[in-house]
Amino acid sequence: MGWAHVSTGDLLRAALKAGTALGLEARRFMEAGELVPDDVIVDLVREHLAAMPSGRGVVLDGFPRTVPQAEALGAVLAEEGRRVDRVVLLEAGEEVLVKRISGRRSSPGGRVYNVHFDPPRRAGYCDDTGEALIHRADDQPETVRKRLAVYHEATAPLVGYYDAEGVLVRVDGEGDIARVQAALLEAVGVAHGSTVASD
Ligand code: AMP
């Protein structure tokens, strides 16, 4: 759809790989499955949003994750005459999530596979490049459970926050990939089949 994709997790992992001060600061939180402090995250997002042309749609992935982050986002967007149009709540049970997240593998280039639902042709290697796939340290089942506990405590309150703003849409995330994708597109107001896929 030509929208920009801003994933705070991807930005943090890139900072970590590049060995920047931000990456070093974030590392211990990420490895423990905890949240990186709000001020660090908000600065990171503000910087990225400022660099983006204002007419272009942006998908924020993994952000905001706390009410203070949501408040900061609202303020940053308001300064530029922008706003949050839609917030998608993808709902799935805890065991489904642990299976999906701990089964995730990604290529160094960023293609994401899943050993249960979307495996590569040769186990452990990317179909496109043949490179060895990465299993994120924080995708181990124990850390995933910790991340879910953090979600319930710090992130779940955003459901009420955005519901009150009238922008929340719930999507059943338990179906297969095609069904969830169709529901997701509908939730953001795009008729399925009308998009120009980029991959
Ligand atoms: P993700 O790739 O979105 O699952 O994020 C991986 C990890 O990066 C999280 O478990 C957190 O430690 C950190 N992180 C990513 N986004 C945020 C955020 N919005 N607020 C705080 N920490 C974050």
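Please read these numbers as outputs of a predicted model, since none were measured by experiment. (Residues numbered from 1 in each chain as written. Predicted model: local features only at pLDDT ≥ 70, side-chain atom pairs only at ≥ 80, totals over all residues. Heavy atoms only, no water.)

Student: So, the packing of aromatic side chains: which residues are in play, and what are the values?
Tutor: For the structure shown, the criterion picks out one aromatic pair. Here the aromatic rings of Tyr161 and Tyr162 are separated by 5.0 Å at their centres, their planes lie at 90 degrees, and the arrangement is edge-to-face. Since its relative accessible area comes to 4%, Tyr162 is described here as buried. Arg122 extends its terminal NZ or CZ atom over the ring of Tyr125, reaching a point 4.0 Å from the ring centre. (Phe/Tyr/Trp six-rings, centres within 6.5 Å; stacked < 30°, edge-to-face > 60°. Buried < 20%, exposed > 50% of the residue type's maximum accessible area, 1.4 Å probe, protein only. Lys NZ or Arg CZ within 6 Å of the ring centre and 35° of its normal.)

Student: Give a detailed account of the side chain of Thr155, specifying residues and quantitative values.
Tutor: With respect to the helices and strands, the residue Thr155 is situated in helix H6 (residues 141–155). Since its relative accessible area comes to 11%, Thr155 is described here as buried. Here Arg65 takes part through its backbone oxygen, which lies 2.6 Å from a polar atom of the side chain of Thr155. Among residues more than four places away in sequence, those in contact with Thr155 are Arg65 and Val150. (Helix = DSSP H or I, 4+ residues; strand = E, 2+ residues; numbered from the N terminus. Polar contact = N/O pair within 3.5 Å; in protein donor to acceptor, adjacent residues only side chain to side chain. Contact = heavy atoms within 4.5 Å.)

Student: How would you explain empty space enclosed by the protein if you had to name every residue and give the values?
Tutor: To locate leftover empty space, one rolls a probe as large as a water molecule over the atoms. The tally for this structure, following the rule as stated, stands at one cavity of 30 Å³ or more. There is about 40 Å³ of room inside the largest cavity. Considering the residues around the largest cavity, the lining is formed by Val42, Val45, Arg46, Leu49, Phe63, Gln69, Ala72, Leu73 and Val76. Counting only elements with at least two residues in the lining of the largest cavity, the list comes to helix H3 (38–50) and helix H4 (67–79). Grouping the amino acids of the lining of the largest cavity by side-chain chemistry returns seven nonpolar, one polar and one charged. (1 Å grid on protein atoms, 1.4 Å probe; cavity = no way out; pocket = protein on both sides within 12 Å on 5 of 7 lines; lining within 4 Å. Points joined across faces, edges and corners; volume = space filled by probe spheres on them. Nonpolar A, V, L, I, M, F, W, Y, C, P; charged D, E, K, R; others polar.)

Student: Describe the domain arrangement of the protein chain, naming the residues involved and giving the relevant values.
Tutor: Taken as a whole, the protein chain is organised into domain 1 (1–84) and domain 2 (85–199). A separation of 18 Å is found between the C-alpha centroids of domain 1 and domain 2. For the pair domain 1 and domain 2, the summed buried area comes to about 1600 Å², and 60% of that belongs to carbon and sulfur atoms. Across the domain 1-domain 2 interface, the total number found is one salt bridge. The closest approach of N and O atoms between Arg83 and Asp85, which form a salt bridge, is 2.9 Å. At the surface where domain 1 touches domain 2, the tally comes to two residue pairs in polar contact (both at pLDDT 80 or more). Among the secondary structure elements, those contributing two or more residues to the side of domain 1 that touches domain 2 are helix H2 (21–31) and H4. With four residues, H4 is the largest single contributor of residues to the side of domain 1 that touches domain 2. (Domains from an automatic or database assignment. Buried area = accessible area lost by both parts, 1.4 Å probe. Salt bridge = Lys/Arg side-chain N within 4 Å of Asp/Glu carboxyl O.)

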